[in-house]
Amino acid sequence: MRIELAGRNPFRRRELRADFHGDTGNLVLDARGLQWVSPLELAAIVTLGTVADARGREVRLLVPHDPKIASYLVRMNVVELLKPFAEIDGSVPSQERRNHSDKLLEVAEVTPTNIDDVCDRLGLLVTERLGPEAGRAAFDSLAELLNNATTHGYSKTGAFTAAQLYSGTLSRTPGFEFAVCDSGDGIQKVLSSTTNQDLEGPAALELALNGGVRRAEGRGHGLPNLWRQAIRGGKGGELMLRSGDAVATAKLRSEPTSIYSRVAEPVDGTWAWLRVRVP
């Protein structure tokens, strides 16, 4: 099983050029052609490797040819988290680790026992960029996404998250990006069970984004209020959910908000990516 990671932000594309559900074969994460990565790619690479290892498959990471991208994978803990079980093929630059806790949340496993600590770090990040009021609203959204990954999205292989603030020096779009990837049941299975309907993947994601279903424990409100909180005081952004065989994107701007959902290359669990632009 080979997954080609090339160009910019490959995991935001509909087609991933990969076979995620093959019963045999090892996993090759071919990142040689990567040109730009966001927290989504970082968290997803570690998630995919961890799941493959748990299934008894050998894992191999082909390091990016671009030394800056390779260095970033090191800086954001991707190589460190894969090393215990994966073959790292290529030149991995050494670097002096500096404290950038005000700008980065390196890839980290999030579990029911450490979620509060992870949320505290995220709170510091978004408050630094958005200010106390808007930062708190954004933090509430991120915490809910993490809660989802550690409740109905929880599995024995865990979930992984990452975040980064962007100054806008290179991209000209200052703001922050956040991602969390789990390998749990996935939105389609959870909402089909909750609503007693046989929902298809795109329909399940639209239901989650448009309002979802309130479950007995008080969660399950859907995500509209969460992303509205996230962009309070900002200039808009984007929320992407990838789960099962579907992917959905919500453009975060003033009402009405467009939601685009479609069939996509299947993945285990749910991947959530949130980008918020700020003035």
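What counts as what
Residues numbered from 1 in each chain as written. Predicted model: local features only at pLDDT ≥ 70, side-chain atom pairs only at ≥ 80, totals over all residues. Heavy atoms only, no water. Helix = DSSP H or I, 4+ residues; strand = E, 2+ residues; numbered from the N terminus. Buried < 20%, exposed > 50% of the residue type's maximum accessible area, 1.4 Å probe, protein only. Areas by Shrake-Rupley, 256 points an atom, 1.4 Å probe, with all protein chains shown as cover. Pairing = 2+ DSSP bridges. Salt bridge = Lys/Arg side-chain N within 4 Å of Asp/Glu carboxyl O. Expected span 1.5 Å × (residues − 1). Axes fitted to C-alpha atoms, helices over the stretch in contact; angles between N-to-C directions.

Asker: Got a minute to help me understand the overall build of the protein in this structure?
Answerer: Scanning the protein from terminus to terminus reveals eight helices and nine strands. Across the 279 residues that make up the protein, the buried fraction comes to 55%. Within the structure as shown, the protein displays about 12800 Å² of accessible surface, and the carbon and sulfur contribution to it stands at 45%.

Asker: What's the story with the pairing of strand 8 (residues 237-252) in this structure? I'm lost.
Answerer: The two faces of a sheet get side chains in turn, since along a regular strand they alternate between them. Burial within strand 8 is extensive, with 13 of its 16 residues counted as buried. Bridge count between strand 8 and strand 9 (residues 259-277): 13 bridges; the pairing is antiparallel. Counterpart to Leu-241 in the pairing with strand 9 is Ala-272.

Asker: Just to check I follow, could you spell out unusual backbone geometry for this structure?
Answerer: Look at Asn-9: it is not a glycine, yet its phi comes out positive at around 50°. Judged by its relative accessible area of 10%, Asn-9 falls in the buried class. Although it is not a glycine, Asn-77 adopts a positive phi angle of roughly 75°. Note that Asn-77 resides in the loop between helix 2 (67-75) and helix 3 (78-82). Taking the relative accessible area as the measure of exposure, Asn-77 reaches 14% and is therefore buried.

Asker: Could you clarify how one ought to interpret the pattern of salt bridges in this entry?
Answerer: Close approach of charged atoms lets side chains of opposite charge pair. Inspection of every chain in the model, using the stated rule, returns eight salt bridges. Arg-2 serves as the salt-bridge partner of Asp-30, at 2.9 Å between the closest nitrogen and oxygen. Within this pair, whereas Asp-30 is found in strand 2 (residues 27-36), its partner Arg-2 is found in strand 1 (residues 2-8), the two being separated by 28 residues in sequence. Taking the relative accessible area as the measure of exposure, Arg-2 reaches 43% and is therefore partly exposed. A salt bridge links Arg-60 to Asp-89; the shortest N-O distance between them is 2.4 Å. Remark: Asp-89 occurs in strand 4 (residues 86-89) and Arg-60 occurs in strand 3 (residues 59-62); sequence separation between them is 29 residues. Salt bridges sharing common partners tie together Arg-2, Asp-30 and Arg-32.

Asker: Mind showing me how you'd approach helix 4 (residues 115-130) here?
Answerer: Given 3.6 residues per helical turn, the α-helix brings residues three or four places apart onto the same face. Helix length check: helix 4 (16 residues) gives 22 Å between terminal C-alpha atoms against 22 Å at 1.5 Å per residue, within 8%. Within helix 4, burial applies to Ile-115, Val-118, Cys-119, Leu-122, Gly-123, Leu-125, Val-126 and Leu-130. Positive phi shows up at Gly-131, right after helix 4, with a value of about 90°.

Asker: Can you help me understand the sheet that holds strand 1 in this one?
Answerer: The strands making up a sheet associate through backbone hydrogen bonding, with each pair oriented either parallel or antiparallel. The sheet built from four strands is open, its strands ordered 1-2-3-4 with parallel pairing. In this open sheet, the two strands that pair with only one neighbour each are strand 1 and strand 4. Each neighbouring strand pair of the sheet contributes to a mean axis angle of 15°, computed without reference to strand direction. Pairing analysis gives six bridges linking strand 1 to strand 2, with the strands arranged parallel. Residue pairing across strands places Gly-7 opposite Leu-34, the latter belonging to strand 2.

Asker: I keep staring at the sheet that holds strand 6 (residues 159-166) and nothing clicks. Help me out?
Answerer: Strand order in the open sheet formed by five strands is 5-6-7-9-8, and the pairing between neighbours is antiparallel. The strands lining the two open edges of the sheet, one partner per strand, are strand 5 (104-110) and strand 8. Averaged over all adjacent pairs, the angle separating strand axes in this sheet is 15°, with direction ignored. Where strand 7 (residues 175-182) and strand 9 come together, seven bridges link them in antiparallel fashion. Among the inter-strand pairings, Val-180 is bridged to a residue of strand 9, identified as Ala-272.

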